[in-house]
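What follows is each chain in one-letter form.
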Amino acid sequence: MHPLQCVLQVQRSLGWGPLASVSWLSLRMCRAHSSLSSTMCPSPERQEDGARKDFSSRLAAGPTFQHFLKSASAPQEKLSSEVEDPPPYLMMDELLGRQRKVYLETYGCQMNVNDTEIAWSILQKSGYLRTSNLQEADVILLVTCSIREKAEQTIWNRLHQLKALKTRRPRSRVPLRIGILGCMAERLKEEILNREKMVDILAGPDAYRDLPRLLAVAESGQQAANVLLSLDETYADVMPVQTSASATSAFVSIMRGCDNMCSYCIVPFTRGRERSRPIASILEEVKKLSEQGLKEVTLLGQNVNSFRDNSEVQFNSAVPTNLSRGFTTNYKTKQGGLRFAHLLDQVSRVDPEMRIRFTSPHPKDFPDEVLQLIHERDNICKQIHLPAQSGSSRVLEAMRRGPFPFVLYCRYSREAYVELVHHIRESIPGVSLSSDFIAGFCGETEEDHVQTVSLLREVQYNMGFLFAYSMRQKTRAYHRLKDDVPEEVKLRRLEELITIFREEATKANQTSVGCTQLVLVEGLSKRSATDLCGRNDGNLKVIFPDAEMEDVNNPGLRVRAQPGDYVLVKITSASSQTLRGHVLCRTTLRDSSAYC
Ligand code: 5AD
Ligand code: SF4
């Protein structure tokens, strides 16, 4: 991903009305460093950089050339009947939300849920209120996804509905403002503003700090956008407001962006370069969540196991990076910094009663120290998401996943993947595996598809996420390959993969029948008021009747399970997605030993 991105700021002058022409006040090419507010303890270089940035952002928000011309020619004495235009730059109090109500709607992956919490945290500090009632909203923000065409189509449809809401709004209320946040804002930029004139603001994934300013600009009837990507924005100092968190678990962002450039994927273009959040700030958030009584944390990022905290200079020596055997990187190998194994170790020490998970990793970054730690540490879940994407080496190479021809000991990508699966299973007995697959990638033949089917059979995943290929502009595949698998063939292959995945997952999950598993209780089952629902170590849903049981730490005490409790459940049946059983006792993570 090229670090240069344009910031565009489209401003429509106050009071010109909806038919006014759009004037482009600034279209600048900027070095991709963002963050309008200063980070904690900035170095002198950072301060200087910050001052420069501060100056340029003030410059961008300041009066225009036209304003000075107008002032110069203004009569010395104003006629009392003359109404003065407010200055076209923003005063501090204009950046405040003044109790305006914001309705946030999230689409796409868990990263977007986390982004929503970050955006809300920033707006809350600025004096906005949150509402879950669309009708009472003054500002509607959609946090969007671009990964597949269908995800974007959903947003366009939603915008049409919102347009009607905006048009129907009584004049007595403040005008409704609508914003597009996240990947779609980044990918389509001004196309959204041009296509849907009722969109007031655009904010890319690295521009959420700028939301109060963008909304203030929109307040005066102008469109405003910031789609600047950053090399270092991790929102480390923004404590997300975990409104979506359940009573038991939360997601903690540890890194952003992706440098892998898999040929089908838009993510490196919408979320920018890979960068990790400093460990200290991650630990601070995990500690807070533990103090709030949460029992599970999922470390979140596009490539969590490529984590590399370079913020502490003493760890930046040229320590080479250990990759999984047989894998290479698509970029010049990085060195030094504190790596994922270190983070996992530190996070899992915060609270031994807190389960630790992570998603989404890349198969290339599973060195032995990570696997060993998962095996040894009781509260790190024995569950690994290992996105394969295809079972055919030919397709994997076209996707730019796995070993490539410049590797001396070049082996086939599928072989390297299968070897990694065996190695993981030897290192972490009982590990639960999941994967992502794409059906119908460019040039995929029936033979390639059969290879994917055979990988599904061979690995027997516990969980899977399967998608039909959707060509995305800007990606390598878009420029170099042909989207030549007909839609109906993609869908037929996808159906086949889903069927096979289900058969194999059922078999894999049935090996749990008769075992006693540690389950973290989430609450009532959605399907029955007499059943409870929780998750086992492998993140599979476990359903069991709500019944009285013994508390192992208080012998003789009969209790009923509450959300956040750990209970032992004897598994009695299994399907491809759920386990069922009956509860034995309430316990703790440390005291339990899931025996099988
Ligand atoms: N088409 C279909 N699926 C895709 N994914 C990423 N890009 C595309 C695309 N263009 C899938 C991959 C990835 C998951 C998050 O989404 O399987 O792992
Ligand atoms: Fe996309 Fe590949 Fe990066 Fe995952 S690793 S976000 S699939 S480019």
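Let me begin by describing the structure that accompanies this report. (Residues numbered from 1 in each chain as written. Chains lettered and ligands numbered in written order. Predicted model: local features only at pLDDT ≥ 70, side-chain atom pairs only at ≥ 80, totals over all residues. Heavy atoms only, no water.)

1. Considerations on the site of ligand 2
The cut-off we apply is this: Whether a residue is near a molecule or strand depends on its heavy atoms: if one lies within 4 Å, it is near. Any residue outside Ala, Val, Leu, Ile, Met, Phe, Trp, Tyr, Cys, Pro, Asp, Glu, Lys and Arg is labelled polar, Gly included; the first ten of those are nonpolar and the last four are charged.
Within the structure, ligand 2 sits among Cys-258, Asn-260, Met-261, Cys-262, Tyr-264, Cys-265, Val-267, Pro-268, Gln-302, Asn-303, His-362 and Arg-401. Taken together, the residues of the shell around ligand 2 break down into 7 nonpolar, 4 polar and 1 charged.

2. Some points on the nonpolar core
We apply this condition: We define a nonpolar core as any set of buried Ala, Val, Leu, Ile, Met, Phe, Trp, Tyr and Cys residues linked to one another through side-chain atoms lying within 4.5 Å. Burial status follows relative accessibility: with a 1.4 Å probe on protein chains alone, a residue under 20% of its type maximum counts as buried, one over 50% as exposed, and anything between as partly exposed. Secondary structure counts use DSSP, requiring at least four H or I residues in a row for a helix and at least two E residues in a row for a strand, with both numbered from the N terminus.
Within the largest apolar cluster, 56 residues are counted, with the highest numbers of intra-cluster contacts made by Leu-299, Phe-340, Leu-344, Ile-384 and Tyr-461. Among the elements that make up this core, the one with the highest residue count is helix α13 (residues 413-427) (6 residues). In terms of nonpolar packing, the next biggest core, distinct from the first, is built from 24 residues, Leu-104, Ile-122, Ala-207 and Val-217 among them.

3. With respect to the pattern of salt bridges
Which entries qualify depends on this criterion: Salt bridge, as applied in this entry: a Lys or Arg side-chain nitrogen positioned within 4 Å of an Asp or Glu carboxyl oxygen.
Evaluated as defined, the whole model comprises 41 salt bridges. Residue Glu-522 is joined to Arg-535 by a salt bridge in which the shortest nitrogen-to-oxygen separation is 3.4 Å. Placement of Glu-522 in strand β19 (residues 516-524) and of Arg-535 in strand β20 (residues 531-535) is noted, with a sequence separation of 13 residues between them. Note that Asp-546 is salt-bridged to Arg-560, the shortest N-O span being 3.2 Å. With Asp-546 in the loop between β21 (541-545) and β22 (549-551) and Arg-560 in the loop between β23 (554-559) and β24 (566-574), the pair connects residues that are 14 residues apart, well separated along the chain. On the accessibility criterion, Asp-546 (25% relative accessible area) is partly exposed. The exposure class assigned to Arg-560 is partly exposed, which follows from its relative accessible area of 43%. A single salt-bridge network, built from bridges that share partners, covers Asp-115, Asp-206, Arg-256, Arg-271 and Arg-275.

4. Considerations on the packing of helix α11 (residues 368-376) against α13
Note the threshold: What counts as an axis is a line fitted to C-alpha atoms, over the stretch in contact for a helix, and the angles between N-to-C directions run from 0 to 180 degrees. Helix crossings are classified by the rotation of the near helix relative to the far one: an anticlockwise turn of less than a right angle makes the crossing left-handed, while a clockwise turn makes it right-handed. In what follows, a contact means two residues having at least one pair of non-hydrogen atoms within 4.5 Å.
Packing of α11 against α13 leaves a shortest axis separation of 9 Å and a crossing angle of 35°. Handedness of the crossing formed by α11 with α13: right-handed. Within the contact between the two elements, α11 uses Asp-368, Leu-371 and His-375 and α13 uses His-423, Ile-424 and Ser-427. Among the residues forming the contact of α11 with α13, the class breakdown is 2 nonpolar, 3 polar and 1 charged.

5. Looking at the pairing of strand β15 (residues 355-359)
Quick reminder of the rule: Should DSSP find at least two bridges between two strands, the strands are taken to pair.
Taking burial as the measure, the 5 residues of β15 include 4 buried ones, the bulk of the element. In this sheet, β15 lies alongside strand β12 (residues 296-300) in parallel orientation, the contact comprising 5 bridges. Paired with Leu-300 across the strands is Thr-359, a residue of β15.

6. Some remarks on α13
Our working rule: Expected span of a helix, by definition, is 1.5 Å for each gap between consecutive residues, and there is one gap fewer than residues.
For α13, with 15 residues, the first-to-last C-alpha span of 21 Å sits near the 21 Å given by 1.5 Å per residue. All of the buried residues along α13 are Ser-413, Arg-414, Ala-416, Tyr-417, Val-418, Leu-420, Val-421, Ile-424 and Ser-427. The elements touched by buried residues of α13 are α11, β16 (383-385), α12 (393-398), β17 (432-439) and α14 (446-459).

7. Topic: the sheet that holds β16
Pairing between the strands of a sheet comes from backbone hydrogen bonds, and it takes one of two forms, parallel or antiparallel. The 3 strands lie next to each other as β16-β17-β18, forming an open sheet whose pairing is parallel. At either margin of the open sheet sits one strand with a lone partner, and together these are β16 and β18 (463-468). With strand direction ignored, the average angle separating the axes of adjacent strands in the sheet is 10°. With 6 bridges connecting them, β17 and β18 associate as parallel partners. When the bridges of β18 are listed, Phe-437 appears paired with Leu-466. Its contacts with the sheet put helix α16 (residues 487-510) on β17 and β18, and the angle it makes with β18 is roughly 175°.

8. What to know about the packing of α14 against α16
Describing two packed helices takes the angle between their axes plus the distance from one axis to the other. The line we're drawing: Just so you know how the angles are binned, under 35 degrees is roughly parallel, over 145 roughly antiparallel, 65 to 115 roughly perpendicular, and the rest oblique.
Where α14 meets α16, the axes come as close as 9 Å, and the angle between the chain directions of the two elements is 15°. The angle between α14 and α16 falls in the class roughly parallel. Handedness of the crossing formed by α14 with α16: right-handed. Of α16, the residues touching α14 (which contributes Glu-446, His-449, Thr-452, Val-453, Leu-456 and Arg-457) are Val-489, Arg-492, Arg-493, Glu-496, Leu-497, Ile-500, Phe-501, Glu-503 and Glu-504. By residue class, the composition of the contact of α14 with α16 is 6 nonpolar, 2 polar and 7 charged.

9. Topic: the packing of aromatic side chains
Worth spelling out the cut-off: Aromatic rings from Phe, Tyr and Trp, with only the six-membered ring used for Trp, were paired whenever their centres fell within 6.5 Å, and each pair was classed as stacked if the ring planes differed by under 30 degrees, edge-to-face if by over 60, and tilted otherwise. Charge-over-ring placement is defined geometrically: NZ (Lys) or CZ (Arg) within 6 Å of the ring centre, and within 35 degrees of the ring normal.
For the structure shown, the criterion picks out 6 aromatic pairs. Ring centres of Phe-358 and Phe-366 lie 6.5 Å apart, and the angle between their planes is 45°; on these two criteria the pair is classed as tilted. Here Phe-358 and Phe-366 have matching classes, each one buried. The interplanar angle of 80° and the centroid separation of 4.9 Å between the aromatic rings of Phe-441 and Tyr-469 together place this pair among those described as edge-to-face. Taken together, the residues Phe-441 in the loop between β17 and α14 and Tyr-469 in the loop between β18 and α15 (476-480) connect sequence positions 28 residues apart. Pair check on accessibility: Phe-441 and Tyr-469 agree, each one buried. In this structure an aromatic cluster arises from ring pairing among Tyr-264, Phe-441 and Tyr-469. It is Arg-148 that lies over the ring of Phe-467; its NZ or CZ is 3.8 Å from the centre. Looking at Arg-195, its charged tip hangs above the ring of Trp-156, at a distance of 3.7 Å from the centre.

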